[in-house]
Amino acid sequence: MKFLFKKKVNVDKVKTLEQQLYYNQKEDYNDFISILEQIQETNNENLQWKKRQSTINNEINLALENYRNKIVELDINA
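Residues numbered from 1 in each chain as written. Predicted model: local features only at pLDDT ≥ 70, side-chain atom pairs only at ≥ 80, totals over all residues. Heavy atoms only, no water.

(A) Main features of the layout of surface pockets. One number sums up the size of the largest pocket: a volume of about 270 Å³. Taken together, Asn-24, Glu-27, Asp-28, Tyr-67, Lys-70, Ile-71, Glu-73, Leu-74 and Asn-77 form the lining of the largest pocket. Broken down by secondary-structure element, the contributors of at least two residues to the lining of the largest pocket are α1 (11-44) and α2 (49-77). Per-element accounting of the lining of the largest pocket gives the leading share, six residues, to α2. By residue class, the composition of the lining of the largest pocket is three nonpolar, two polar and four charged. (1 Å grid on protein atoms, 1.4 Å probe; cavity = no way out; pocket = protein on both sides within 12 Å on 5 of 7 lines; lining within 4 Å. Points joined across faces, edges and corners; volume = space filled by probe spheres on them. Helix = DSSP H or I, 4+ residues; strand = E, 2+ residues; numbered from the N terminus. Nonpolar A, V, L, I, M, F, W, Y, C, P; charged D, E, K, R; others polar.)

Below, the structure written as structure tokens:
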């Protein structure tokens, strides 16, 4: 009979987890926005075409590496 009833969930723990997820997602979006802003700033600088392209590629590669590291960190912590 005791298998028919679900275990009581601690509401405070659920709220805390929801808040952590929210702030993690918000942080990820803010990181992405800052990456795009940096690329936009580089694009607006008065640089030669090849230098601008190289700088933007470096910024994108750095952002990709950071996000890959975040994914690895999430896998480790899971």
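(B) Spatial organisation of the side chain of Arg-52. Relative to the elements of secondary structure, Arg-52 occurs in helix α2. Glu-45 provides the closest opposite charge to the buried, unpaired Arg-52, separated from it by 7.3 Å. Each residue touching Arg-52, except ones within four places of it in the same chain, is listed here: Thr-42, Asn-43, Glu-45, Asn-46 and Leu-47. (Buried < 20%, exposed > 50% of the residue type's maximum accessible area, 1.4 Å probe, protein only. Lys, Arg positive; Asp, Glu negative; His and termini not counted. Salt bridge = Lys/Arg side-chain N within 4 Å of Asp/Glu carboxyl O. Contact = heavy atoms within 4.5 Å.)

(C) Just the packing of aromatic side chains, in detail. A complete count under the given rule lists one aromatic pair for this structure. Arranged with centres 5.1 Å apart and planes meeting at 70°, the rings of Tyr-22 and Tyr-23 form a pair that is edge-to-face. Look at Tyr-22 and you get partly exposed, because its relative accessible area is 45%. (Phe/Tyr/Trp six-rings, centres within 6.5 Å; stacked < 30°, edge-to-face > 60°.)

Everything listed here is a matter of geometry and, on its own, says nothing about what the molecule does.
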